[in-house]
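What follows is each chain in one-letter form.
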Amino acid sequence: MTRGSLSFRLGLSAAIILLAFLGLAGVTVEKAFDEAARKAMEERLQAHIYALLATFEIDPYGQVRMNDQRLDNRFSIPGSGLYGFVFMQGQPLWRSGSALGVQIPYVALGSGRRRLLFRQQEPGLWILYYGVVWETERGHPIPLVLAVAEDAASLSRQIADFRQTLWSWLGGSGIFLLITQVLILRWSLKPLRTIAADLEAIEASKKRRLAGPYPKELGRLATNLNILLESERAHLERYRNTLADLAHSLKTPLAVLTGMGQSTQLPEPAQQTLSEQLERMQHLVDYQLKKAAAQGSHGTLTPIAVLPVLERIRSSLDKIHREKAVVCRLAGKGDTHCFLDEGDLYEIAGNLLDNAYKWCRRRINVRVDVHPQAGRRHPDLYIRIEDDGPGIPESLRREVLKRGIRADQSTHGHGIGLAVVNELVTLHRGRLVYYQSPLGGAGWEVCIPSPE
Amino acid sequence: MRVLIVEDETQLGGQLRDFFTAKGFAVDTAGTAKEGLYFATEYPLDVAIIDLGLPDFSGLELIGQMREKGRDLPILILTARDRWQEKVEGLEAGADDYLVKPFHYEELWARINALIRRAAGKAHPVLRHGPVSLDTTAQTVRLHDNPVELTAFEYKVLEYLMLHPGKVISKSELTEHLYDQDFERDSNVLEVFIGRLRKKLDPEGTLHPIETLRGRGYRWSLPQDP
């Protein structure tokens, strides 16, 4: 996942939103819980105060009497965490048995008023004060402040427990959601990866169009891309046809000029120049034409049976070279297929066999083999063409593969046959290798690797 | 020899006509396949040169139709299309050879000669019949290894006879193969040529290479060397 990629952007923003949401939710829940816990505690303290009030009595001597049995027994255990106090006019009038050594500040309150305080100093205490006016038996009103304090530790512990539970759940679900999100992201971006792979396949000429199926949102993109590809292909086709038409239509005027150049009406030097220049033009036209045709037909997925093509070429060449009575033997398995464009296969085999027919004395051997390659669906194709002619001298072997060089200056021909074969074979990532044929003459090995 | 040229490019057609006329051929030129088919069916042709890209229908179809009509004369395709697949298709349609434009006239000449010889069952460019040898490529004749000077028409008559040894060839067949359709056909001229040939090839009157069969025609009587 690189920076700036779609999945990075989507993943990052979703993660930020998720974390912010979970954080806010956590804080809100925590606050609400705090509030609720405080409320609950206040109510509890209030209940204790009512309980105190219910058991409270002042005897005629002004002494407080508390019926301890009716109270929560924590009031009587020292250090239990629950303490009760009664103040009269700022002076402590009574304290519970548990409140031994516990001091709380006095807060003056009117009758019926109450106030919750938190005492910071150790031990932290939550204190609820409640003001009442106590009427004695004689009808004397006595203003009192009752206070119940509870150790804050239990509340804090409760809150801390809750907080821990809350955050671990939130964290857990956060991680779960993040993972889910990554998976969803991968799943929903999968069509994009598919379309990218399909485009790569098109580029490598393994496919002709985006076949899908793609989700609806990408469907239109794929359709448009297909239209673009199609028009691009049509454009290329038109361009190639135009080029071919141009080259072909140049050939007839060239033939006319060549004919004129060979007539004796021109002076010798002019004739020489004319024929040289015409020859050059002719080579250029031929070469570019063949190259254009070759490049256009690069890559096909339709398998072509190799032997029938070789047989057709052989019978054509037999016809042309009938007097020579060449014995051309063709060996190979009948079901050998290759993934070249048919025209390219004709061009490669035709040029090589044509040379063999021109140069052989009597015999030509052609062998078609396949060598399976590990990890590839189709085997590599090998075509070997051997003749019993004079062969190609060492010094010329590299030259003949270059454009426009003709080793056989004496024989008429365009002299670009081997160069075209070489070009075509290279275009298909193959090799063209010369070797000494067992028949004594030239041997050419063409290797065409399978696609993929 | 009578050649048919089917080529829609008039300039090239004219050039070819001039070339073959200069070589002593009778030349018929057609600009369309239909016209070509007419010539092929109506005239006794020895060889045809056919362009593939013709205005009415393709040269391949023309060749196919000619073969269907039983015309077995040698056909050379002369075309700008140079892909091997096209060559194979052309040859499979019934053509005997294939030459790509632009071409050298020497090459066209060599190939046409080879086709004519092949049609006559002679593979070698030099025909040897006893003391007479005729080189179809160089268009020269030798008698006992001495060159014999012949005019173009004398040569053509001799070549035709020697390509069909032992066969009776009527005057009309000879004229048809040697003259254009618009040429004045005068059998007396032919007799003059035959007379001159006899003098040049058989000055002593011992060889009798050309027999006259009254009312039937002529026959080349020297056997071909093995």
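Residues numbered from 1 in each chain as written. Chains lettered and ligands numbered in written order. Predicted model: local features only at pLDDT ≥ 70, side-chain atom pairs only at ≥ 80, totals over all residues. Heavy atoms only, no water.

Here we come to the overall build of chain A. Check the secondary structure of chain A and you find 8 helices and 14 strands. Counting only residues that meet the buried cut, chain A has 39% of its 452 residues in that class. Summed over its atoms, the accessible surface of chain A is roughly 25800 Å², and 57% of this surface lies on carbon and sulfur atoms. (Helix = DSSP H or I, 4+ residues; strand = E, 2+ residues; numbered from the N terminus. Buried < 20%, exposed > 50% of the residue type's maximum accessible area, 1.4 Å probe, protein only. Areas by Shrake-Rupley, 256 points an atom, 1.4 Å probe, with all protein chains shown as cover.)

Once that is clear, we can look at the sheet that holds strand 4 (residues 91-95) of chain A. Residues and elements named next belong to chain A. An order of 4-3-7-6-5 is seen for the 5 strands of this open sheet, with the pairing classed as antiparallel. Strands at the two margins of the open sheet, each flanked by one partner only, are strand 4 and strand 5 (114-119). Each strand of the sheet is rotated relative to its neighbour by a mean of 25 degrees, with strand direction disregarded. Here strand 6 (residues 125-135) pairs with strand 7 (residues 141-151) via 11 bridges, running antiparallel. Residue Val133 lies in a different strand from strand 7, and its bridge partner there is Pro143. Taken strand by strand, helix 1 (residues 6-55) contacts strand 3 (82-88), strand 4, strand 5, strand 6 and strand 7, and its axis lies near 35 degrees from that of strand 6. (Pairing = 2+ DSSP bridges. Axes fitted to C-alpha atoms, helices over the stretch in contact; angles between N-to-C directions. Contact = heavy atoms within 4.5 Å.)

Of the residues in chain A, 92% reach a pLDDT of 70 or more, and the chain-wide mean stands at 82. Of the regions scoring below 50 in pLDDT, residues 405-414 of chain A engages in 23 contacts with residues more than four places distant in sequence or in other chains. (pLDDT = per-residue confidence, 0-100.)

Turning next to empty space enclosed by the protein. Think of a ball as big as a water molecule: rolled over the atoms, this probe shows where empty space is left. This structure, assessed with the given rule, holds 2 cavities of 30 Å³ or more. Its volume calculated, the largest cavity comes out at about 60 Å³. Lining the largest cavity are Thr258(A), Gly261(A), Gln262(A), Ser275(A), Leu278(A), Glu279(A), Gln282(A) and His104(B). Counting residues per element, the ones that place at least two in the lining of the largest cavity are helix 3 (216-262) and helix 4 (268-296) of chain A. By residue number, the principal contributor to the lining of the largest cavity is helix 4 of chain A, which donates 4 residues. Each residue belonging to the lining of the largest cavity can be placed in one class, and the counts come to 1 nonpolar, 6 polar and 1 charged. (1 Å grid on protein atoms, 1.4 Å probe; cavity = no way out; pocket = protein on both sides within 12 Å on 5 of 7 lines; lining within 4 Å. Points joined across faces, edges and corners; volume = space filled by probe spheres on them. Nonpolar A, V, L, I, M, F, W, Y, C, P; charged D, E, K, R; others polar.)

We now examine the packing of helix 3 of chain A against helix 1 (residues 10-22) of chain B. Orientation of helix 3 of chain A relative to helix 1 of chain B, taken along the N-to-C sense of each, is 35 degrees, at an axis distance of 9 Å. When the axes of helix 3 of chain A and helix 1 of chain B are compared, the crossing they make is left-handed. Within the contact between the two elements, helix 3 of chain A uses Thr252(A), Ala255(A), Val256(A), Gly259(A) and Met260(A) and helix 1 of chain B uses Gln11(B), Leu12(B) and Gln15(B). Classifying every residue of the contact of helix 3 of chain A with helix 1 of chain B gives 4 nonpolar, 4 polar and no charged. (Left-handed = near helix turned anticlockwise from the far one by under 90°.)

Further remarks concern the packing of helix 3 (residues 59-68) of chain B against helix 4 (residues 84-93) of chain B. Any two packed helices are characterised by the angle at which their axes cross and by the distance between the axes. All names here are of chain B. Running from N to C, helix 3 and helix 4 point in directions that differ by 20 degrees, and their axes come no closer than 9 Å. In this view, helix 3 runs roughly parallel relative to helix 4, as classed from their interaxial angle. For helix 3 against helix 4, the interelement crossing comes out left-handed. Across the interface between the two elements, Leu60, Ile63, Gly64 and Arg67 from helix 3 touch Glu89, Gly90 and Ala93 from helix 4. Classifying every residue of the contact of helix 3 with helix 4 gives 3 nonpolar, 2 polar and 2 charged. (Parallel < 35°, antiparallel > 145°, perpendicular 65-115°, else oblique.)

Between chain B and chain A, the residue contacts involve 30 residues of the former and 38 residues of the latter. Between chain B and chain A, the buried area comes to about 3200 Å², and carbon and sulfur atoms account for 53% of it. Of all residues in chain B, the largest losses of buried area upon contact with chain A belong to Arg83(B), Trp84(B) and Pro102(B), amounting jointly to 26% of the total for that side. Asp344(A) is paired through a salt bridge with Arg83(B); the nearest N and O atoms lie 3.7 Å apart. Viewed at the interface, chain A and chain B are joined by 14 residue pairs in polar contact (both at pLDDT 80 or more). Elements represented by at least two residues in the side of chain B that touches chain A include exactly helix 1, helix 4, strand 5 (97-100) and helix 5 (105-119) of chain B. Broken down by element, the side of chain B that touches chain A gets its largest block of residues, 6 residues, from helix 4 of chain B. When the residues that make up the side of chain B that touches chain A are grouped by side-chain class, the tally is 12 nonpolar, 5 polar and 13 charged. (Buried area = accessible area lost by both parts, 1.4 Å probe. Salt bridge = Lys/Arg side-chain N within 4 Å of Asp/Glu carboxyl O. Polar contact = N/O pair within 3.5 Å; in protein donor to acceptor, adjacent residues only side chain to side chain.)

Core analysis: the largest hydrophobic core is formed by 51 residues, its most contacted members being Phe20(B), Phe25(B) and Leu108(B). It is helix 6 (residues 152-163) of chain B that contributes the most residues to this core, 7 residues altogether. With residues near it in sequence (within four places) discarded, Phe20(B) still touches Val3(B), Ile5(B), Phe25(B), Val27(B), Ile49(B), Leu108(B), Trp109(B) and Ile112(B). Grouped together as the second largest cluster of nonpolar side chains are 42 residues, Leu340(A), Leu345(A), Leu381(A) and Val420(A) included. (Core = buried A, V, L, I, M, F, W, Y, C linked by side-chain atoms within 4.5 Å.)

A separate point is the packing of aromatic side chains. Tallying each qualifying case throughout the model produces 17 aromatic pairs over all chains. A network of ring pairs unites the aromatic residues Phe19(B), Phe20(B), Phe25(B), Phe103(B), Tyr105(B) and Trp109(B) as a single cluster. (Phe/Tyr/Trp six-rings, centres within 6.5 Å; stacked < 30°, edge-to-face > 60°.)

A few words now on a nonpolar patch on the surface. Residues and elements named next belong to chain A. Nonpolar side chains collect at one region of the surface, where Ile175, Ile179 and Leu183 lie side by side and expose about 310 Å² of accessible area between them. Note on placement: Ile175 falls in helix 2 (residues 152-203). Take Ile175: its relative accessible area is 55%, and that puts it in the exposed class. (Patch = residues over 30% accessible without salt bridge, like charges linked within 9 Å, V, L, I, M, F, W, Y side chains within 5 Å.)

With that settled, the discussion passes to the sheet that holds strand 11 (residues 210-213) of chain B. Residue and element names in this part refer to chain B. The antiparallel open sheet is built from 3 strands, whose spatial order is 10-12-11. Of all the strands in the sheet, just strand 10 (168-169) and strand 11 have a single pairing partner and so form its edges. Taken together, the 2 bridges between strand 10 and strand 12 (residues 217-220) define a ladder with antiparallel strand orientation. The residue of strand 12 that forms the bridge with Val168 is Arg219. Docked against the sheet, helix 6 engages strand 10, strand 11 and strand 12, running at close to 70 degrees with respect to strand 12.

One can find Glu154(B) in helix 6. With residues near it in sequence (within four places) discarded, Glu154(B) still touches Glu149(B), Phe193(B), Arg196(B), Leu197(B) and Lys200(B).

Residue and element names in this part refer to chain B. Model confidence for chain B is summarised by a mean pLDDT of 86, while 96% of its residues fall at 70 or above. Mean pLDDT per element in chain B: helix 7 (residues 171-178) is the minimum at 82, and strand 3 (residues 47-50) is the maximum at 94. Overall fold confidence for the complex sits at a pTM of 0.60, while the interface term, ipTM, reaches 0.71.

On to the pairing of strand 1 (residues 2-6) of chain B, then. Across a regular strand the side chains alternate sides, sitting on one face of the sheet and then on the other. Residues and elements named next belong to chain B. In terms of residue burial, strand 1 counts as a mostly covered element, since 5 of its 5 residues are buried. Burial along strand 1 is two-sided: Arg2, Leu4 and Val6 facing one way and Val3 and Ile5 facing the other are all buried. Two elements, strand 1 and strand 2 (residues 26-30), share 5 bridges in a ladder whose sense is parallel. Looking at strand 2, one finds that Ile5 is bridged to Thr29. In terms of handedness, the path from strand 1 via helix 1 over to strand 2 forms a crossover that is right-handed. In this structure, strand 1 lies alongside strand 3, joined through 4 bridges in parallel fashion. Note on strand 3: the bridge partner recorded for Val3 is Val47. (Right-handed = clockwise from strand over helix to strand, strands pointing away.)

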